[in-house]
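The lines below spell out each chain.
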Amino acid sequence: MTSVHESAVITRHSPEPPPNGPHHLTGGEALVRALAAHGVTQAFGIPGTHNLEIYRHLTAYGVAHVAPRHEQGAGYAADAYARVTGTPGVAITTTGPALLNIAAAVGQAYSDSVPLLVISPGMPLRHPRQSTGLLHEMRSQSEALRNVAAFSHRVSSVAEIGAAVARAFTLFRSERPRPAHIEIPLDLLEATESAGPARAAPPAAPRVPDAARIEEAAALLAHAERPALVLGGGARGAAAQCLALAERLAAPVATTANGKAIVDEEHPLSLGVSLHSTAVQEWLTTRDVVLAVGTELAESDIWTAEPLPLQGQLIRVDLDPAQMYAGLPADVPLVGDAAATLDALVTATAETTPRTAEAHTETATLKAARDDESRPRDAHWLPYLEAIRGVLDPDAIVTSDSAQCCYYGALPHLTLGPRARYLHPTGFGTLGYALPAAVGAKAACPDRQVVALSGDGGLQFSIQELATAAALQQPLVVVVFDNSGYGEIRDEMNARGDAPLAVDHARVDLPALARAYGGHGATAHSPEELAKLLSTALNTPTTPAPTLIVVPEESA
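Residues numbered from 1 in each chain as written. Predicted model: local features only at pLDDT ≥ 70, side-chain atom pairs only at ≥ 80, totals over all residues. Heavy atoms only, no water.

1. Concerning the overall build of the protein chain
- A count of helical and extended segments in the protein chain gives 23 helices and 20 strands.
- On C-alpha atoms alone, the protein chain measures out to a radius of gyration of 24 Å, which is about the 24 Å that the 2.2 N^0.38 rule sets for 556 residues.
- Based on the C-alpha atoms only, the size of the protein chain along its principal axes is roughly 75 × 60 × 45 Å.
- Across the 556 residues of the protein chain, 57% fall into the buried class.
- A fraction of 76% describes how many contacts in the protein chain between residues 6 or more apart in sequence connect residues 24 or more apart.
- Accessible surface, the protein chain as shown: approximately 21700 Å² in total, 53% of it carbon and sulfur.
- When the 38 basic and 59 acidic side-chain charges of the protein chain are each reduced to a single mean position, those positions are 4 Å apart. (Helix = DSSP H or I, 4+ residues; strand = E, 2+ residues; numbered from the N terminus. Rg over C-alpha atoms; globule rule 2.2 N^0.38 Å. Buried < 20%, exposed > 50% of the residue type's maximum accessible area, 1.4 Å probe, protein only. Contact = heavy atoms within 4.5 Å. Areas by Shrake-Rupley, 256 points an atom, 1.4 Å probe, with all protein chains shown as cover. Lys, Arg positive; Asp, Glu negative; His and termini not counted. Charge placed at Lys NZ, Arg CZ, Asp CG, Glu CD.)

2. Notes on the packing of helix 17 (residues 404-413) against helix 21 (residues 487-496)
- The N-to-C vectors of helix 17 and helix 21 enclose an angle of 95 degrees; their axes lie 8 Å apart at closest approach. In this view, helix 17 runs roughly perpendicular relative to helix 21, as classed from their interaxial angle. Between helix 17 and helix 21, the residues in contact are Q404, Y407 and Y408 and G487, E488 and D491, respectively.
- Residues that form the contact of helix 17 with helix 21 fall into these classes: two nonpolar, two polar and two charged. (Axes fitted to C-alpha atoms, helices over the stretch in contact; angles between N-to-C directions. Parallel < 35°, antiparallel > 145°, perpendicular 65-115°, else oblique. Nonpolar A, V, L, I, M, F, W, Y, C, P; charged D, E, K, R; others polar.)

3. So, the environment of P500
- With respect to the helices, strands and loops of the structure, P500 is situated in the loop between helix 21 and helix 22 (510-516).
- The partly exposed category is assigned to P500, whose relative accessible area is 37%.
- Residues P500 and Y486 lie 14 residues apart in sequence; the distance between their C-alpha atoms is 10 Å.
- Setting aside residues up to four positions removed in sequence, P500 forms contacts with R490, M493 and N494.

4. A few points about helix 21
- Buried residues of helix 21: G487, E488 and R490, and no others. Relative to the axis of helix 21, the buried residues are bounded by an arc of 160 degrees and lie together on one face.
- Looking at the packing, one finds that the buried side of helix 21 touches helix 17. (Arc of directions from axis to C-beta.)

5. As for the sheet that holds strand 6 (residues 151-154)
- Spatial ordering of the open sheet is given by 3-2-4-5-7-6, a layout of six strands whose pairing is parallel. Both outer strands of the open sheet, strand 3 (64-66) and strand 6, are each paired with one neighbouring strand and no more. Taking each pair of neighbouring strands and ignoring which way they run, the sheet shows an average axis angle of 25 degrees.
- Sheet topology places strand 6 next to strand 7 (residues 180-185); four bridges connect them, and they run parallel. (Pairing = 2+ DSSP bridges.)

6. Looking at the confidence of the model for the protein chain
- Within the protein chain, residue pLDDT values average 92, and 96% of them lie at 70 or more.
- In this model, residues 1-19 is a region of pLDDT below 50 whose contacts with residues beyond four sequence positions or in other chains number 37 contacts. (pLDDT = per-residue confidence, 0-100.)

7. Considerations on the pattern of salt bridges
- Throughout the structure, instances matching the rule amount to 17 salt bridges.
- Residue R146 is joined to E143 by a salt bridge in which the shortest nitrogen-to-oxygen separation is 2.3 Å. With R146 and E143 both in helix 7 (residues 141-146) and three residues apart, this pair spans about one turn of that helix.
- On the basis of relative accessibility, which here comes to 36%, the residue R146 falls in the partly exposed class.
- Ionic pairing is found between R370 and D371, a salt bridge with its closest N-O pair at 2.9 Å.
- Classification of D371 as partly exposed rests on a relative accessible area of 22%.
- Each of D79, R83 and D112 takes part in salt bridges that share partners, so that together they form one network. (Salt bridge = Lys/Arg side-chain N within 4 Å of Asp/Glu carboxyl O.)

8. Concerning the packing of aromatic side chains
- One pass over the full model with this rule turns up eight aromatic pairs.
- With 5.8 Å between their ring centres and 65 degrees between their planes, F44 and Y81 make a pair best called edge-to-face. A residue pair is termed long-range when its members are at least 10 positions apart, and F44 in strand 2 (residues 42-45) and Y81 in helix 4 (residues 71-85) qualify at 37 residues.
- With relative accessibility at 0%, the residue F44 sits in the buried group.
- Residue classification places Y81 among the buried positions, given a relative accessible area of 11%.
- Summarising the aromatic geometry, the rings of W303 and Y408 are spaced 5.8 Å apart at their centres and angled 70 degrees between planes, so their arrangement reads as edge-to-face. In this pair, W303 is assigned in the loop between helix 13 (299-302) and strand 13 (313-318) and Y408 in helix 17, connecting sequence segments 105 residues apart.
- On the basis of relative accessibility, which here comes to 14%, the residue Y408 falls in the buried class.
- Ring-pair connections join several aromatic residues into one group, and the members of that group are W303, W381, Y407 and Y408.
- When the ring centre of F151 is taken as reference, the NZ or CZ atom of R167 above it lies at 3.7 Å. (Phe/Tyr/Trp six-rings, centres within 6.5 Å; stacked < 30°, edge-to-face > 60°. Lys NZ or Arg CZ within 6 Å of the ring centre and 35° of its normal.)

9. Things to note about the state of the cysteines
- If you walk through the whole model with that rule in mind, you get zero disulfides.
- Residue C445 stays outside any disulfide, its sulfur separated by 20 Å from that of C406, the closest cysteine.
- Overall, C445 belongs to the buried group, its relative accessible area being 12%. (Disulfide = S-S within 2.5 Å.)

10. A short note on the pairing of strand 4 (residues 89-92)
- Because side chains alternate across strand 4, one face comprises the buried residues G89 and A91, and the other comprises V90 and I92, equally buried.
- Relative to strand 4, strand 2 is paired through two bridges, and the arrangement is parallel. Bridge pairing links G45 to I92 in strand 4.
- Taken together, the four bridges between strand 4 and strand 5 (residues 116-122) define a ladder with parallel strand orientation. Along strand 5, the bridge assignment pairs A91 with V118.

11. Regarding helix 23 (residues 527-539)
- With 13 residues, helix 23 should cover 18 Å at 1.5 Å per step; its first-to-last C-alpha distance of 18 Å lies within 8% of that length.
- Among all positions in helix 23, only P527, L530, L534, A537 and L538 are buried. Buried residues of helix 23 fall within an arc of 95 degrees about the axis and therefore sit on the same side. Looking at helix 23, the residues exposed on the side facing more than 90 degrees away from the buried face are E528 and K532.
- Along its buried surface, helix 23 packs onto helix 16 (382-391), strand 17 (450-455), strand 18 (477-482) and strand 20 (547-552). (Expected span 1.5 Å × (residues − 1).)

12. Quick look at the pairing of strand 20
- Burial analysis of strand 20 places six of its six residues in the buried class, which makes it a mostly covered element.
- Judged by which residues are buried, strand 20 turns out to be covered on both faces: T547, I549 and V551 on one side and L548, V550 and P552 on the other are all buried.
- As paired elements, strand 18 and strand 20 share six bridges and run parallel to each other. The partner of V479 across the bridge, within strand 20, is I549.
- Sheet analysis places strand 19 (residues 520-523) next to strand 20, joined by four bridges and oriented parallel. Within the sheet, the bridge partner assigned to H520 lies in strand 20 and is T547.
- Chirality of the crossover, the property in question, places the unit of strand 19, helix 23 and strand 20 among those that are right-handed. (Right-handed = clockwise from strand over helix to strand, strands pointing away.)

Encoded structure:
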């Protein structure tokens, strides 16, 4: 079987042009040509009656394709592909219900600033406003997607298709990356018109704040007695600069979920994912200067709707100017690219004398306080997370779901280094992300270990993607902490004094289901058993296929 990785390197070549001119193409070919011009070599999606003209041209232009079993899975897979490669993920749907199926993934990508391009056909150009009962007809696809994406662009000619794709890639390269949707009327997909020459979005130079703002921020940081760094997903491309500045200032570093492991979580200045900790929040309020990079400091980061009552000066670095005034307004706003801005700050604070030993001690004390306050809740996951950590390679990719084992367990307690990646659906907080995201991550990085962490409730939103992983012969692993339902909502009902309702599920034989889909399945009743099963699945699989390992709640 040809792997996704192998099929992605097919040499691109254009089919013979139509006889009426070198740039006369169908809308479907004009689209695929535009994607190839922007370096796209991988797409995710499901073919349907209305998008076949797109699929017809993918192979000829060297665009490999993965077909998940549901459009939401295609969106999550493309999202993960974008996160681990740093290049936009592309998902193709057909009209109507297929596009609405992917809308949840678009909302998640918007929340997490992921460059996701969704492409769909739409109703014909001259389709009347009044319903005619055409297949997959809906009132307005563009209006629906416009409310969850950065923009939705319905083209009106074949020539406009290249411009629409270039518009999306310009957004991805020059602004806060967020999802975009391009709709091509289905009659334009089949129509042959002049498409003009292939166009590509121009490269974008990193945006850097003006020198006066840099000097102001650098002066505050250089003279700070109690500095702190808070890193979000927007700091991902500035890992080296974040570490250099943290060490120069002897500033402890806390991260959001999307900023996990930007600084090695074993580093003596790392507090890991800990903004939700009461101890860490109280500590932040005592800092005289806080530098926040690429983070909203939102409820999903600090787990409270009230902004942190910081007493010191707040310096914010972000591509998005709106973030300077959202939640916690910046005292010193630095609107620009994180890497370029932090490079300037590192240079401008060269004469700083750090209090390194004191900061290391302070960080260790804070981490212990963080763990003490959560130990009664989190303790049963810790030995299993240690077992997983012992098997993972330094560059492993872990995908995560909105599950207790993830946000209470793995996010703060599964320590990772900067070569690893942890992909979590924060903000929007979707369910069912982990497994299709693992498929997308493995398609992007076939030589890296990929492990998905999930609860049984969330897993069953997208469990059909085990079939996708099996068809692709992906030896990824899904570890499921099974509490027979929606554990978080069950706990919230109990805390309110309500009788639990609609949160308890009959236990499913998930290992058997994995085998039915063409993978492997097992149950681990101890950390030692989990480590053994995980090591075999990742390092010496009997056949290249996904493995699902259940950890029953009573075991954990």
